[in-house]
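In case you want the letters, here they are:
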Amino acid sequence: MSNETYSSSTRIFKDLLDEIGKVVVGQHEAVEQMMIAILCNSHALVESNPGLAKTLTISTISKALDLKFNRIQCTPDLMPSDITGTYIIEDVGGKKQYRFEPGPVFANIVLADEINRASPKTQSAMLEAMQEKQVTVGNKTYLLDKPFFILATQNPIEMEGTYPLPEAQLDRFLLKILMDYPTFEDENEIVNRYTKNITPAVRSVVSKAEVLELQKLTRDVPIAEDIKIRAIKIVEATRAKNDNIEYGASPRASIGIILAGKARALMKGRNYVSKEDIDAMAYPVLRHRVILTFEAERKGMTTDQVIADILKNVK
Amino acid sequence: MEDFLYKLQKIRDGFFSRKRLTFFLDLIAIFSIFYAIFIIVNLEYLLSKSSIPSSIPINFIPPAVAIIIALITSTLLHNRDTKINVIRLIENKYPELKERLSTAYDNRDESNIIVDSLKTFVSESMTSVSPSMLLSKGIIISKIMITVIFLAGMAYISLNPQGIQISQSTLDNVTKNITGQDQNNTGLIDITGRPEDVINVAAKGSGDIFGKPKIASIEGKNIDLTLYPGDNTGTIVKDYTPTSNQFIKSAAFPVDVMGSNVSDGGYSMLMTKTETEKQLINKYAVERSKI
């Protein structure tokens, strides 16, 4: 099975991107990074302004991957049980008994829209599910289906009435993906596609089993020692004395960069991790793990600029 | 052993054997240069003048020193040869192997479908890799040519040193200039006069009896006026004042050269002269005393 999946992986990714491209115009980098997060069996946080097709992108990916998709719209009154599920009393043959009703987290791909609007208690419940890939209700633990991927979104504007995710919880997201406004040409294409009666349809190109195989294959991609060392040095540099960085990234970031590099290599049809993969993945892996100093923020610097400086200086 | 590792080992062996060859070529070239320099500066002669024990054969020293210098220089030049990363060299020369070879090498003990496919690709690509591409034939040939030229130059100089080699007399002069002393200088000076033209000297009234010994032409006859000081008895002139050149005439010391503070050695030398010469010297001294 592995052999077949590996030999057809190039075709699988091409078909997948083509299929997603039928619905999602542009946003190639964001789509690629979402796929990488899925291949790494991890989760991603998307930050973008409203109306940039976050939900459309992730639902399209789930359709193309033939995976169960659920969406949770986070609000301040959202309770943990609204996510994890709860016991309900039902009548079976004249006898009343409890039955567990799974929440929306019981899916393969979950979109937690505007996660920072949920209360910390609810955020914790979701993040526990992300980490443990299981849900405990009462005294019973329910395993989540595999693959399990949460794509949480945040709105960079309208911060009023939100509960920003603590750094420790942000660290659990492998990638922070930025979605920007489309180019003029892309926007023109979006308008053309979505102002007609025909809605683009997506067909499933990969089975769930193949997704699991691809996740396994991702970890098999070999990496050279010097490239691995470079990834660690990049993360280490965020912790070194730097006027622009208040707090650096944890070793989880080193694992993240290498793993994401492996997934990117597999997606690009390479059987080895290149320096280019590490450099490309350093941005989404580190951007939510590096906290800038007040001085850097005052100067209008972004985490991506600081990461670019680090990449330039690390040999 | 993996096929690509076997190929890599072969390439590595080939590369380092070429590196060893360049080491020996550099060694020979540097030896030739230094040995030729030693011949030109006549190091053998200089060493013979130094206080090297006679038990050491001097003619072996220049080539031995040249070999030592060549060995040290070549070793320094090729010091980092063993640290050369052949994998990195191959990757730079063969872009299709870039990052692949090092990844395959670092994961040589791993085995899975992706690593195996990488190893297979690397192994196939390495068929075209040759050590001559890592250290080009051009470099080796130019090194051989340079070495041959230096070697021939050294052979020519050692066989025909005339005209190229610095003469012994030049070396002596150089030595004298460097040390500030004549090789035969005992540190004493003669106090004999140098009246090359005694009449003119007398007329000018500026002559003296100090200076290098010369032949005095007195009454048409050349007289060697050299007065050699005796062993450890020479007079060292420290505070010379011309007014002290006065002969003191007395019964014990008649007016003669003896009266001019001639050393014992100088006096005994005077005594070896013939009577005619003595008279002429005496006459000269008398004339000098009148100045």
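Residues numbered from 1 in each chain as written. Chains lettered and ligands numbered in written order. Predicted model: local features only at pLDDT ≥ 70, side-chain atom pairs only at ≥ 80, totals over all residues.

Regarding the overall build of chain B
Along chain B, the regular secondary structure elements total 12 helices and 2 strands. By residue count, 21% of the 291 residues in chain B fall in the buried class. (Helix = DSSP H or I, 4+ residues; strand = E, 2+ residues; numbered from the N terminus. Buried ≥ 20, exposed ≤ 12 C-beta atoms within 10 Å, placed from the backbone.)

A look at the environment of Thr147(B)
All names here are of chain B. Structurally, Thr-147 is set in helix 8 (residues 137–159). For the pair Thr-147 and Asp-26, spaced 121 residues apart in sequence, the C-alpha to C-alpha distance is 7.2 Å. Ignoring sequence-local partners within four residues, the contact set of Thr-147 consists of Leu-25, Ile-28 and Ala-29. (Contact = placed C-beta atoms within 7 Å.)

Some words on the domain arrangement of chain A
Residues and elements named next belong to chain A. Segmenting chain A into domains produces domain 1 (1–220) and domain 2 (221–315). Each of domain 1 and domain 2 has a C-alpha centre, and these two points are 24 Å apart. In this complex, domain 1 contributes 22 residues to the contact, which on the side of domain 2 involves 18 residues. Looking at the side of domain 1 that touches domain 2, the elements with two or more residues in it are helix 2 (9–23), helix 3 (28–39), helix 7 (167–170), strand 9 (175–179) and helix 9 (208–220). (Domains from an automatic or database assignment.)

Looking at the interface of chain B and chain A
Accessible area lost upon the coming together of the parts serves often as the stated size of an interface. Each partner contributes to the interface: chain B provides 13 residues, whereas chain A provides 15 residues. Broken down by secondary-structure element, the contributors of at least two residues to the side of chain B that touches chain A are helix 5 (100–106) and helix 6 (113–125) of chain B. Ranked by residues supplied to the side of chain B that touches chain A, first place goes to helix 6 of chain B with 5 residues. For the side of chain B that touches chain A, the class distribution of residues is 4 nonpolar, 5 polar and 4 charged. (Nonpolar A, V, L, I, M, F, W, Y, C, P; charged D, E, K, R; others polar.)

Focus: the sheet that holds strand 5 (residues 109–113) of chain A
Residues and elements named next belong to chain A. If you trace the 5 strands from one edge of the open sheet to the other, you get 2-5-8-1-9, paired in parallel fashion. What marks the edges here is a single partner per strand, and that holds for strand 2 (69–73) and strand 9. Sheet twist, expressed as the average angle between the axes of neighbouring strands with direction ignored, equals 20 degrees. Inspection of the sheet shows strand 1 (residues 44–48) paired to strand 8 (residues 149–154) by 4 bridges, in the parallel sense. Bridging across to strand 8, Val-46 finds its partner in Thr-153. (Pairing = 2+ DSSP bridges. Axes fitted to C-alpha atoms, helices over the stretch in contact; angles between N-to-C directions.)

Section: the packing of helix 3 of chain A against helix 4 (residues 54–64) of chain A
Residues and elements named next belong to chain A. Helix 4 packs onto helix 3 with a crossing angle of 50 degrees between their chain directions and a minimal axis gap of 11 Å. One element, helix 3, and the other, helix 4, form an angle in the oblique class. Crossing angle aside, the handedness with which helix 3 passes helix 4 is right-handed. From helix 3, Ala-30, Val-31, Met-34 and Met-35 reach across to helix 4, where they touch Thr-57, Ile-58 and Ile-61. Residues belonging to the contact of helix 3 with helix 4 are distributed by class as follows: 6 nonpolar, 1 polar and no charged. (Parallel < 35°, antiparallel > 145°, perpendicular 65-115°, else oblique. Left-handed = near helix turned anticlockwise from the far one by under 90°.)

Notes on the nonpolar core
Core analysis: the biggest nonpolar cluster contains 110 residues, and Met34(A), Ala44(A), Leu151(A), Ile257(A) and Ala260(A) have the highest contact counts within it. Ranked by residue count, the leading element in this core is helix 11 (residues 251–267) of chain A, at 9 residues. Ranked by size, the runner-up nonpolar core spans 14 residues in total, among them Leu25(B), Ile28(B), Phe34(B) and Ile39(B). (Core = buried A, V, L, I, M, F, W, Y, C linked by C-beta atoms within 7 Å.)

Re unusual backbone geometry
Glycine aside, residues mostly have negative phi angles, and peptide bonds mostly take the trans form. Residue and element names in this part refer to chain A. Along the chain, Lys-146 connects to Pro-147 via a cis peptide bond; the corresponding omega equals -5 degrees. Inspection of the secondary structure puts Pro-147 in the loop between strand 7 (140–143) and strand 8. Its identity is not glycine, yet Glu-114 carries a phi of approximately 50 degrees, on the positive side. Of note, Glu-114 is situated in the loop between strand 5 and helix 6 (120–132).

A word on the packing of helix 1 (residues 3–40) of chain B against helix 8 of chain B
Residue and element names in this part refer to chain B. Where helix 1 meets helix 8, the closest approach of the two axes is 9 Å, and the angle between their N-to-C directions is 25 degrees. It follows from the interaxial angle that helix 1 and helix 8 lie roughly parallel. Crossing hand, helix 1 versus helix 8: left-handed. Contacts between helix 1 and helix 8 pair Arg-18, Leu-21, Thr-22, Leu-25, Ile-28, Ala-29, Ser-32, Ile-33, Tyr-35, Ala-36, Ile-39 and Ile-40 from the former with Ile-140, Lys-143, Ile-144, Ile-146, Thr-147, Phe-150, Leu-151, Gly-153, Met-154, Ile-157 and Ser-158 from the latter.

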